[in-house]
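So the chains spell out like this:
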Amino acid sequence: MASIRKSTKLRIPHSQDDCELVGILEQLAPKESTKGRKLALILHGVLGHKDYLFQKRLALCFPMDSFRFDFRGNHESGGKMGGLVEWAEDLVTIVSYLRNTYGYEIDVVVGHSRGSLVGMYWLCTSEEGQRARAMVNVSGRYRMHRVYDVAEAYKEQWGAKGYYERTVTVARQAVVERIYPRDLEEASQWNTAIVWDKFPGQIDVLTIHGLADKTVPTYDAVIYSRALGARTPGTHNLHLIEEADHNFINRQDEVVDCILEWWDALNQGRLKAGILMTGLRGKL
């Protein structure tokens, strides 16, 4: 009799901060040993959480054990909300815990927005990342200086208070966000160009971007395609979704379907670099 899949909430002590990172481990065969088992990591973006957008529905139908979590200061995780450097530290903590406690090996990273940037950086800089097979980059920014595109809206409050404040809804709860000038400065200095020289050559990559994205320009997806499309034996596939915004509102099932179709092609050895589903008419 086949084992029934299991969802387990984990509270993981942070290695560099006095807080816990909270996440959900999805296991297809919870009674079997996890030592050496492959795992998918699913990473949210700014002001997101582990069940945000497409993340939970992807985890529940992905044909592999997976782990999704809240970066520090987000939703259920403790600590103060950090920038890209802090998120990269969080990811290292998570991977170490999953390896040491369960014996998992990271096989694929799926990231949305900032989660994509942190995931790609980890693949480029860690020994374990070098052994992964795949990366899904959803709405990832490449040209980091474009974070200043929104700065004009912040200037009045920056001048009056030193920070820009707004109230947003995260997981149905009101959250007050403060954005300081240094936050944009630090983000603008993040090195996305590392993918040109350090991204592992064997990793297959899928980039998904909405053509109506007003947060990260769609052209950034083209740049990633250029940076990652010439590697061998790894491939890069680009999939653009018409009328989809940064968060794929009302289009999240399409994101999940696209990832699953690409994953199936990867495991069957059918991937070819270029536009995803090249040669298929599809619905016009």
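About the criteria used
Residues numbered from 1 in each chain as written. Predicted model: local features only at pLDDT ≥ 70, side-chain atom pairs only at ≥ 80, totals over all residues. Heavy atoms only, no water. Helix = DSSP H or I, 4+ residues; strand = E, 2+ residues; numbered from the N terminus. Expected span 1.5 Å × (residues − 1). Buried < 20%, exposed > 50% of the residue type's maximum accessible area, 1.4 Å probe, protein only. Contact = heavy atoms within 4.5 Å. Salt bridge = Lys/Arg side-chain N within 4 Å of Asp/Glu carboxyl O. Disulfide = S-S within 2.5 Å. Phe/Tyr/Trp six-rings, centres within 6.5 Å; stacked < 30°, edge-to-face > 60°. Lys, Arg positive; Asp, Glu negative; His and termini not counted. Polar contact = N/O pair within 3.5 Å; in protein donor to acceptor, adjacent residues only side chain to side chain.

Draft legend 1. Seen up close, helix α8 (residues 252-267). Here α8 contains 16 residues, and its C-alpha end-to-end distance of 23 Å stays within 8% of the 22 Å for a straight helix at 1.5 Å per residue. Of the residues making up α8, those classed as buried are Q252, V255, V256, C258, I259, W262, W263, A265 and L266. Tucked into the core, α8 has its buried residues touching α1 (55-61), β5 (105-112), β6 (134-138), β9 (204-210) and β10 (236-241).

Draft legend 2. Inspection of the pattern of salt bridges at higher detail. All told, the structure shown has 21 salt bridges when counted by the stated rule. Residue R5 is joined to E26 by a salt bridge in which the shortest nitrogen-to-oxygen separation is 3.8 Å. With R5 in the segment before β1 (6-13) and E26 in strand β2 (residues 20-27), this pair connects stretches of sequence that are 21 residues apart. With relative accessibility at 1%, the residue E26 sits in the buried group. Put simply, D65 and R37 hold a salt bridge, and the shortest N to O gap is 2.6 Å. On the criterion of sequence distance, the pair formed by D65 in the loop between α1 and β4 (66-69) and R37 in the loop between β2 and β3 (38-43) is long-range, its members being 28 residues apart. Each member of the pair, D65 as well as R37, carries the same accessibility label: buried. Several salt bridges share partner residues, and in doing so they unite R5, E26, D51 and R68 into one network.

Draft legend 3. View of the state of the cysteines. Under the defined criterion, the tally for this structure stands at zero disulfides. Free cysteine C258: the closest other cysteine sulfur is in C61, separated by 13 Å. Among the residues examined, C258 registers a relative accessible area of 5% and is labelled buried.

Draft legend 4. Looking closely at the packing of aromatic side chains. Enumeration according to the criterion identifies 12 aromatic pairs in this entry. Judged by centre distance (5.5 Å) and plane angle (55 degrees), the rings of Y163 and Y180 are tilted. Taken together, the residues span a long stretch of sequence, with Y163 in the loop between α4 (151-161) and β7 (164-170) and Y180 in the loop between β8 (173-179) and α5 (181-188) at a distance of 17 residues. Take Y180: its relative accessible area is 23%, and that puts it in the partly exposed class. Clustering of aromatic rings is evident, with ring pairs tying together F67, F69, F71 and W87.

Draft legend 5. Region of the structure containing the side chain of R141. On the secondary structure map, R141 appears in the loop between β6 and α4. Despite its burial, R141 pairs with no opposite charge; the closest candidate is D220, at 5.1 Å N-O. Reaching out from R141, the side chain makes a polar contact with the backbone oxygen of T215 at a distance of 2.9 Å. Not counting residues up to four positions away in its chain, the partners in contact with R141 are L117, R146, V147, T192, T215, V216, P217, D220 and Y224.

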